Amino acid sequence: MKTVFKAAALQAAPIYMNKSATIEKSLDLIEKASAEGVELLAFPELWCPGYPWWVWLGHTGWGNQFSLAYLDNAIERDGPELQTIANAAKEHNMMILFGYCERDGCTLYISQSLIGPDGRFIKHRRKLKPARTERYVFGQGDGSDLAVTDTEFGRVGALCCGEHYQPPLKCAMYAQQEQVHIASWPSFSMSRGKAFKTGPDAAAVATQMYSIEGQCFTLMSTMIADNLMVDYVCDTEERRKVMTMPGYDTCGGRAVIFSPTGEILSDPIDEGVEGMAIAEIDLGQIPIVKTSSDVFGHWARPDVVRLELNLNPAKTYIEHGKPAAAIGEE
């Protein structure tokens, strides 16, 4: 296992609602990260083909106009798009956490796939409980989506967006001795100044606190809202005002990397600039921090409070084998 390596959290805009072009841009970003010596790269939530902002901008009837295009631009776990990213991971000897809209039949999920430097898929996960308006578009995950995985870069886990506001989910990750956490977020361009919880400051605080509570390194990857994205979903000036920041053509980024004590390790990036938050990860720092406050070790009181965690997958149907032949049928 590598104990010291360079990691990066991406801050960029996809080619909105165009999965092929977004995959091409992803390859370019992976190549740029490799040139910087990055060995672990984290992509934002729903990077491909972008976040469905219409769920927050109008009623469901109005949003229906985007549904089929979004379904067509979603990608499958075993599809060529994700395999292309896996091939790039192998080519550049890089671990990648890729965020995307997953299609399974005609159901969509907010998904993340962890790919090893050898191009092997280590872990697929789905957002356990999408936000209230997101549920109009997306299905939900199950207990297996909270599993932390052993990798050559330590014990790695991931959550999306509002999952970082849910203490039981965070505790589930902490309990599994997570060492590197990937926090994937969309852009923070919407409703700025009107809804603090959905803005960049609240998200950054929650992500920083994740590192402090879990005593782990945390990569916060974020999307940027650009003109292509805004023009696609905003058909009125009122909607455009909700989706943009005055004085910014592109906005909403807040990529950063935190240490196990909550210290900011990466250089700041302006919210409207595409780039990568890059920092050196030294897993040897984690035991130093945990000797003083291991939240699921000597700081725990399981006789008073403890967590019950079900990591089993939950299928919507169970097959019991081939049906018996009808009477008289050979």
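Residues numbered from 1 in each chain as written. Predicted model: local features only at pLDDT ≥ 70, side-chain atom pairs only at ≥ 80, totals over all residues. Heavy atoms only, no water.

1. Structural notes on the packing of aromatic side chains
Part 1 of the reasoning: Taken as a whole and assessed by the stated rule, the structure comprises 14 aromatic pairs.
Part 2 of the reasoning: When the ring of tryptophan 54 is compared with that of tyrosine 70, the centres are 5.2 Å apart and the planes differ by 90°; the resulting orientation is edge-to-face. Note that tryptophan 54 is positioned in helix 2 (residues 54-57) and tyrosine 70 in helix 4 (residues 67-73), a separation of 16 residues in sequence.
Part 3 of the reasoning: One aromatic cluster in this structure is built from Tyr16, Trp54, Trp62, Phe66, Tyr70, Phe138 and Tyr232.
Part 4 of the reasoning: The ring of tyrosine 109 is capped by arginine 126, whose NZ or CZ atom sits 3.7 Å from the centre of that ring. (Phe/Tyr/Trp six-rings, centres within 6.5 Å; stacked < 30°, edge-to-face > 60°. Helix = DSSP H or I, 4+ residues; strand = E, 2+ residues; numbered from the N terminus. Lys NZ or Arg CZ within 6 Å of the ring centre and 35° of its normal.)

2. Some details on the nonpolar core
Part 1 of the reasoning: One finds Trp53, Trp54, Leu57, Tyr70, Leu108, Phe138 and Met243 to be the most contacted residues of the largest nonpolar core, which totals 37 residues.
Part 2 of the reasoning: Listing elements by their share of this core, those giving two or more residues are helix 2, helix 4, strand 4 (107-115), helix 7 (200-214), strand 9 (217-223), helix 8 (227-233), helix 9 (237-243) and strand 10 (256-258).
Part 3 of the reasoning: Setting aside its immediate chain neighbours within four residues, leucine 108 contacts Tyr70, Leu71, Ala74, Cys101, Glu102, Arg103, Val137, Phe138 and Gly139.
Part 4 of the reasoning: Among the nonpolar cores identified, the runner-up in size contains 24 residues, and Ala12, Ala33, Ala88 and Met276 belong to it. (Core = buried A, V, L, I, M, F, W, Y, C linked by side-chain atoms within 4.5 Å. Buried < 20%, exposed > 50% of the residue type's maximum accessible area, 1.4 Å probe, protein only. Contact = heavy atoms within 4.5 Å.)

3. What about the pattern of salt bridges?
Part 1 of the reasoning: Overall, the coordinates contain 18 salt bridges when judged by the stated rule.
Part 2 of the reasoning: Notably, a salt bridge pairs aspartate 28 with lysine 32, separated by 3.3 Å at the nearest N-O pair. A residue pair is termed a helical-turn pair when its members lie 3 or 4 positions apart in one helix, as aspartate 28 and lysine 32 do in helix 1 (residues 19-35) at 4 residues.
Part 3 of the reasoning: For aspartate 28, a relative accessible area of 36% translates into the label partly exposed.
Part 4 of the reasoning: Assessed through its relative accessible area of 49%, lysine 32 is described here as partly exposed.
Part 5 of the reasoning: Three or more residues are tied together by salt bridges with common partners; here these are Arg77, Glu102, Asp104 and Arg126. (Salt bridge = Lys/Arg side-chain N within 4 Å of Asp/Glu carboxyl O.)

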